[in-house]
Amino acid sequence: MSTVVTDILQGLNPPQREAVETLDGPLLILAGAGSGKTRVVTRRIANLINHGVRPWEILAITFTNKAAGEMRQRVETLVGQSGVWLSTFHSFCARILRREAPVLGFSQTFTIYDEDDAQKVIKTVIEKLGIDDKRMSPGALRTLISGFKSKALAPEDLEIGTFHERIAQQVYQEYQAALTRNQALDFDDLLLKALVLFRDHTEVRERYRQRFRHVLVDEYQDTNGCQYQLVKLLGEGHRNVCVTGDPDQSIYSWRGADVRNILSFERDFPDTKVVRLEQNYRSTQNVLALASAVIKHNKERKAKELWTENPAGEPPALRIVGDQDLEAYEVVSEIERLIGTGRRYSDIAVFYRTNAQSRPFEQSLIRSAIPYQLIGGTPFYERREVKDALAYLRLLVNPKDDVSFARIVNVPRRGIGESSTDLIARKATDMSCSMLETLDRTEWMEKELAQKARNSLYAFARMLDVLRQQPRYPVADLVKRMLNDSGLLDSLRESGEDERLKNIEQLINAAVTYDAENEPGKLMAQGPPPEPGAFDGLDEIVQMQASVSGFLENAALMTPQDARKNSEDVVTLMTLHMAKGLEFPFVFIAGVEEGLLPMVRVGSSVFGAEQSAQDEQVRASEEERRLFYVGATRAKERLFLLMVRRRLRFGKYEVSIPSRFLDEIPENLIEETDRAGAGWDSGNFQLGNRVRSSFGGNRGRIRPGAAFEELDEFDATSAPGKKGRGLAQYAASAQEHSNDEFSQLNDTAFEIGDRVKHASFGEGSVEAIQGLGLSAKVQVHFREHGPKWLMLSIAKLRKV
DNA sequence: AACTCTACGGTTTTT
DNA sequence: CCGTAGAGTT
């Protein structure tokens, strides 16, 4: 035993050791970036087990399922077994609710609605209430309601002042009623209902308190009001609550997370032991210095200084380039250079603020045959055909699910159009049942439906009935059968949509994998009780997984992170938000520009925030700074920042301004390279303009075709061996933009001050030029009609 | 009922 | 720029 304990403490610094050895009572671990937090948490779990705590008495909450899986593995390596309940808040709550649903008066086969489904419900509610959806969009209302729910506010808890607030309350109320009718829970409900369960049902609460004698929560700085209350409820009896987090890495306030939860932990649990982990083991001194320099500018912050014994390392780099294509090119050349020095693709990650920025990187990587994985974007389970298939399964399990019914009743085409669907919806309301259930009563159908639609609906209902008779396990068999019987597979085959067909194949694979992982016998070996009776039958919760509901639950709660593959040697592309908790030797942060990083907030909050609009602004911009900080501190060896001079946004080039975060980095901490040069500075240029390149200070003209050679030459001088990639690519992109119109544009390359003539406006002079190629615009001041912006590709302007 | 065309608006970030 | 909601067409 003592050797095991020694192992567990081996290589830990004093505070880490203290955290691992503090087994009882409330514990707050303030863990700076890269301070070995995961190590501490896993060792602490192992230590608990070594001290006689039974694995199933430990509940550990992580941010993603993937993180949970990794932690489970590490614990198993340390103590040879697990059985620790490791999952996300959402998965945890979903499982508890599956088991305890009867207590709350809803079905165990409830459906989990994703954002898309929730939005659809909101839409029907808006329609029903006759609200003008121009004034309050479904999206805005959904966000608002989600905000209430994550603070555990019921509709009747809201303080109503304005008209808008009244509407929101009404929609919230109706929305919840609709979810209940559908036997559906949205993401927020998973937390909220679990909270209600524990709050209002003493017996249940006690049962789970006894079961989970130790509670650990990772990334506590990103918990919302509901999660916070859940932790409190579960932990209040034994007070064996350990939370870890870093206020500087709180980046989810926009979805209800409240950093105050971690700041006030000591107050909620008196006698908390606080451990600070401030030695960083991840990054070079240079990386750390840069990150610290920036985060220091946050006012709302507890002072903290991370330090490291790691080497100074190479200086972080700032690369300034012309536009987003060149930005991607710059990253790719650097990647090729790194690979040339023997580094692996998997050592490298590219982070950006918005998913929309990923495209140029993908294109560049593909062109250079560099393997990569894109995390996020439209995940697998949100593809249309996959959602259709899942909707069938959902309807099989839960006949009350009208959202799924409406989604698939006419997919594939069965000749059941909008009018029939509307009629069914009305009938469902009249008969107080679900849409699918209206099909059980044939009288109204005989009377009110055309024969064609009626027969289709009979066939549809019968098909579902047959499927419902099928064994629910293995899930894969049912999935296959469903794909056949529904006609989904045939219709995809016929239409030749290979991509979608592949996705469906992948769905079958997912079901096969699910079956393999949840095989009843194997399942018992994984977690459940060595001692019967120790759990009050809580093992059933785990068993419940081996079902269609379990499969659907996995699908619904799958995070993009979970799909990430560690094993493959590929470059990783993802948003800054998804980067939390990860590390890579080389990190690129793209688009370090005002308006992007930090992101500007456009719309004002819908209501309630008038008096605190400015506070809100400050809070938001500090969160952006934390986001930058999270990104920067992922880098182990070297950090690359990128900014462009002009960026294509909504199909228009916009001049970019350096991010304020760049101003906050002392000059000696960053090595700046300007590949764009003065000629690229204005952003107001046009095919044919004279430009100067920083590639050897050469001059040239932006001209597709002819310009290729000139540009290649420039590039060759600065990047031997990588002939012509940089500016040639620019030229290629310019050509793309100009396309066939080029010959016309080339003749009409205007400069400020040119006199021009327009067919209807007459003569005028060019005052400004913006954009490139087909999106190029000029502002012309006409003698008789004043100033006007004209699209060059449309307006036929002639020089005079 | 299903297909085609156009106008519009969208970009934060995600469980 | 791109996708899609809604209108208009067959």
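Above this text you will find the structure in question.
Residues numbered from 1 in each chain as written. Chains lettered and ligands numbered in written order. Predicted model: local features only at pLDDT ≥ 70, side-chain atom pairs only at ≥ 80, totals over all residues. Heavy atoms only, no water.

Points about the overall build of chain A
Looking only at helices and strands, one finds 33 helices and 26 strands in chain A. Considering chain A as a whole, with its 800 residues, one finds that 55% of them fall into the buried category. When the accessible surface of chain A is summed, it comes to about 35,000 Å², and 48% of that surface belongs to carbon and sulfur atoms. (Helix = DSSP H or I, 4+ residues; strand = E, 2+ residues; numbered from the N terminus. Buried < 20%, exposed > 50% of the residue type's maximum accessible area, 1.4 Å probe, protein only. Areas by Shrake-Rupley, 256 points an atom, 1.4 Å probe, with all protein chains shown as cover.)

What to know about the protein's contact with DNA strand C
Around DNA strand C, the neighbouring residues are Arg359, Phe650 and Gly651. Here, DNA strand C places atoms within 4 Å of the protein, and 22% of those atoms are sugar or phosphate. (Near = heavy atom within 4 Å.)

Observations concerning the protein's contact with DNA strand B
Around DNA strand B, the structure places 25 residues, and the nearest of them are Arg353, Asn355, Arg413, Ser419 and Pro560. Considering DNA strand B, the proportion of its atoms within 4 Å of the protein that are sugar or phosphate atoms stands at 51%. Contacts to DNA strand B include Asn410, whose side-chain N or O atom sits 3.3 Å from a phosphate oxygen. Per-element accounting of the surface near DNA strand B gives the leading share, three residues, to helix α19 (residues 418-431). (Polar contact = N/O pair within 3.5 Å; in protein donor to acceptor, adjacent residues only side chain to side chain.)

Regarding the packing of aromatic side chains
In the structure shown here, the tally under the stated rule is 18 aromatic pairs. Ring centres 5.8 Å apart and planes at 70° place the aromatic pair Phe92 and Phe212 in the edge-to-face group. Separated by 120 residues along the polypeptide, Phe92 in helix α5 (residues 89-104) and Phe212 in the loop between α10 (202-211) and β6 (214-217) bring together distant segments of the chain. Classification of Phe92 as buried rests on a relative accessible area of 2%. Relative accessible area serves as the criterion here: at 0%, Phe212 is assigned to the buried category. Between Phe628 and Phe661 the ring centres are 5.4 Å apart and the planes differ by 45°, which places this aromatic pair in the tilted class. One end of the pair, Phe628, is in helix α29 (residues 613-632); the other, Phe661, is in helix α30 (residues 660-663), with 33 residues separating them in the sequence. An identical accessibility class is assigned to Phe628 and Phe661; each is buried. These aromatic residues form a ring-pair network of at least three members: Trp85, Phe92, Phe198, Tyr208 and Phe212. (Phe/Tyr/Trp six-rings, centres within 6.5 Å; stacked < 30°, edge-to-face > 60°.)

What about the packing of α5 against helix α9 (residues 187-200)?
Working note: a packed helix pair is described by the angle between its axes plus the distance between those axes. Their axes nearest at 9 Å, the elements α5 and α9 cross at an angle of 55°. Looking at the two axes, α5 sits oblique to α9. For α5 against α9, the interelement crossing comes out left-handed. For the pair α5 and α9, contact is made by Phe89, His90, Cys93, Ala94, Ile96, Leu97, Glu100, Val103 and Leu104 and by Phe187, Asp189, Leu190, Leu191, Lys193, Ala194, Val196, Leu197 and Phe198, respectively. Considering only residue class, the contact of α5 with α9 consists of 14 nonpolar, one polar and three charged. (Axes fitted to C-alpha atoms, helices over the stretch in contact; angles between N-to-C directions. Parallel < 35°, antiparallel > 145°, perpendicular 65-115°, else oblique. Left-handed = near helix turned anticlockwise from the far one by under 90°. Contact = heavy atoms within 4.5 Å. Nonpolar A, V, L, I, M, F, W, Y, C, P; charged D, E, K, R; others polar.)

As for the side chain of Gln373
Note that Gln373 resides in strand β13 (residues 372-374). Here Gln373 is in contact with Arg564, Lys565, Val570, Val571, Thr572 and Leu573, once residues within four sequence places are set aside.

A look at helix α4 (residues 65-79)
One full turn of an α-helix is made of 3.6 residues, so residues set three or four places apart face in the same direction. For α4, spanning 15 residues, the distance from its first C-alpha to its last is 21 Å, which sits close to the expected 21 Å at 1.5 Å a residue. Buried residues along α4 sit in contact with α3 (37-50), β2 (58-62) and β3 (85-88). Just downstream of α4, Gly80 is the residue with a positive phi angle, here 80°. (Expected span 1.5 Å × (residues − 1).)

Quick notes on α3
Here α3 spans 20 Å end to end across 14 residues, near enough to the 20 Å set by a 1.5 Å rise per residue. In terms of burial, α3 is largely enclosed, as twelve of its 14 residues are buried. By the burial criterion, the buried members of α3 are Lys37, Val40, Val41, Thr42, Arg43, Arg44, Ile45, Ala46, Asn47, Leu48, Ile49 and Asn50. Taken from the residues just after α3, Gly52 is the one with a positive phi, measuring 95°.

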